[in-house]
Amino acid sequence: MAKRPPILNRVKALREAHDGMSQAALAKEIGVTRQTVIAIEQGRYSPSLESAFRIARVFQVGLEDVFQWDDTAEA
Amino acid sequence: MSFHEKSAWIMGLLISLTGVWYVSRVWKMSEALGETAPPTLGLIGGATIMLVVGAIISHIIIASLSPEDASDAEDERDKQVLRRAGNISGYVLGFGIFAGLWHYYINSDGNLLFHIAVGSLIASQIAEYVLTILFYRRGA
């Protein structure tokens, strides 16, 4: 079974705070498919560094405001 | 469900059916002959036509049901999933061919070597589609 990446994210919260931006709109902004945005939000996929920066730029926040290392997952 | 995942489900099913058909035909022919049946153009052509026609029809259907998904280009996650699934399925193919070659070295049955190679190809493709689905669902 694939291990979940030890990275938490606030993509869904930021998207909803961003005038309820749709997953499809975010996907288009960062150049991935809607299914990939869903996988990121559900923590099933860690985006590339480039896509992570693109997401942060869409929401005009820093990278660590979007993605955080999950210390509890290391145990 | 992404277009690639739908495609993996359909192709996995199609190639499994083709594999079952191929093995059952070879088995019956071999039983009738009393030795491993030689590969025939009808057998290989039949399997190829079944697979190609089935793939074209099924992909037209899934593309028409969700044209937006079908027109999406592969993104970074798709590439990662497909690369990992393809990488592991390559080992399945390699193992099968290696086993077939050893079998040929010991028994000198070229017909069986051919069928083992075809079977390995089918098994590796099934593995690739199963892993693609698994990686899409659980993460690569």
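No experiment lies behind these values; they were computed from the predicted model shown. (Residues numbered from 1 in each chain as written. Chains lettered and ligands numbered in written order. Predicted model: local features only at pLDDT ≥ 70, side-chain atom pairs only at ≥ 80, totals over all residues. Heavy atoms only, no water.)

## Details of the overall build of chain A
The secondary structure content of chain A amounts to five helices and two strands. Listing each helix as α and each strand as β along chain A from the N terminus yields β-α-α-α-α-α-β. The globule rule puts the C-alpha radius of gyration for 75 residues at 11 Å, and the 12 Å found for chain A is close to it. With the C-alpha coordinates aligned to their principal axes, the bounding extent of chain A is approximately 35 × 25 × 20 Å. For chain A, the proportion of its 75 residues judged to be buried stands at 40%. Here the analysis covers contacts within chain A between residues at least 6 apart in sequence; of these, 62% occur between residues at least 24 apart. (Helix = DSSP H or I, 4+ residues; strand = E, 2+ residues; numbered from the N terminus. Rg over C-alpha atoms; globule rule 2.2 N^0.38 Å. Buried < 20%, exposed > 50% of the residue type's maximum accessible area, 1.4 Å probe, protein only. Contact = heavy atoms within 4.5 Å.)

## Considerations on the packing of helix 2 (residues 23–30) of chain A against helix 4 (residues 49–59) of chain A
Residues and elements named next belong to chain A. Packing of helix 2 against helix 4 brings their axes to within 9 Å, and their N-to-C directions diverge by 120°. In terms of their interaxial angle, helix 2 and helix 4 are classed as oblique. Handedness of the crossing formed by helix 2 with helix 4: right-handed. From helix 2, Leu26, Glu29 and Ile30 reach across to helix 4, where they touch Arg54, Ile55, Val58 and Phe59. Taken together, the residues of the contact of helix 2 with helix 4 break down into five nonpolar, no polar and two charged. (Axes fitted to C-alpha atoms, helices over the stretch in contact; angles between N-to-C directions. Parallel < 35°, antiparallel > 145°, perpendicular 65-115°, else oblique. Left-handed = near helix turned anticlockwise from the far one by under 90°. Nonpolar A, V, L, I, M, F, W, Y, C, P; charged D, E, K, R; others polar.)

## So, unusual backbone geometry
Phi is positive for A:Asp19, which is not a glycine, with a value near 55°. Residue placement: A:Asp19 occurs in the loop between helix 1 (11–17) and helix 2. You can call A:Asp19 exposed: its relative accessible area is 76%. The phi angle at B:Ser108 is positive, at roughly 50°, despite the residue not being glycine. Considering the arrangement of structural elements, one finds B:Ser108 in the loop between helix 4 (76–107) and helix 5 (110–138).

## Remarks on the nonpolar core
Counting 18 residues, the largest nonpolar core has A:Val11, A:Leu26, A:Ile30, A:Ile55, A:Phe59, A:Val66 and A:Phe67 as the members making the most contacts within it. Looking at this core, the elements that each hand over two or more residues are helix 1, helix 2, helix 3 (34–41) and helix 4 of chain A. A total of five residues in this core trace back to one element, the largest contributor, which is helix 4 of chain A. Membership of the second largest hydrophobic core comes to 13 residues, among which are B:Ile15, B:Val26, B:Val118 and B:Ile122. (Core = buried A, V, L, I, M, F, W, Y, C linked by side-chain atoms within 4.5 Å.)

## Quick notes on the side chain of B:Ser2
Inspection of the secondary structure puts B:Ser2 in the segment before helix 1 (3–33). Those residues in contact with B:Ser2 that lie beyond four places of it in its chain are A:Gln35 and B:Tyr136.

## Overview of the packing of aromatic side chains
Residues and elements named next belong to chain B. Scanning the entire structure with this criterion turns up two aromatic pairs over all chains. Ring plane angle 85° and centroid distance 5.5 Å describe the contact between Trp102 and Tyr105, whose orientation is recorded as edge-to-face. Of the two residues, Trp102 and Tyr105 both sit in helix 4, three residues apart, roughly one turn of that helix. Of the residues examined, Tyr105 reaches a relative accessible area of 63% and is grouped as exposed. Here the aromatic cluster, defined as three or more aromatic residues joined through ring pairs, consists of Phe98, Trp102 and Tyr105. The side chain of Arg84 reaches across the aromatic face of Phe135, ending 4.7 Å from its centre. (Phe/Tyr/Trp six-rings, centres within 6.5 Å; stacked < 30°, edge-to-face > 60°. Lys NZ or Arg CZ within 6 Å of the ring centre and 35° of its normal.)

## Section: the packing of helix 1 of chain B against helix 5 of chain B
All names here are of chain B. Closest axis-to-axis distance for the helix 1/helix 5 pair is 9 Å, and the angle between their directions is 155°. The angle between helix 1 and helix 5 places the two elements in the roughly antiparallel class. Regarding helix 1 and helix 5, the two cross each other, and that crossing is left-handed. Together, His4, Glu5, Ala8, Trp9, Met11, Gly12, Ile15, Ser16, Gly19, Tyr22 and Val26 of helix 1 and Phe114, His115, Val118, Ile122, Gln125, Ile126, Tyr129, Thr132, Ile133, Tyr136 and Arg137 of helix 5 make up the contact between the two elements. Residue composition of the contact of helix 1 with helix 5, by class: 13 nonpolar, seven polar and two charged.

## Considering helix 2 of chain A
All names here are of chain A. Listed in full, the buried residues belonging to helix 2 are Gln23, Leu26, Ala27 and Ile30. One face of helix 2 carries all of its buried residues, which in axial projection span an arc of 100°. Every exposed residue of helix 2 that faces more than 90 degrees away from the buried side is listed here: Lys28 and Glu29. Of the surrounding secondary structure, the elements contacted by the buried residues of helix 2 are helix 1, helix 3 and helix 4. Immediately beyond the C-terminal end of helix 2, within one or two residues, lies Gly31, with a positive phi of roughly 80°. (Arc of directions from axis to C-beta.)

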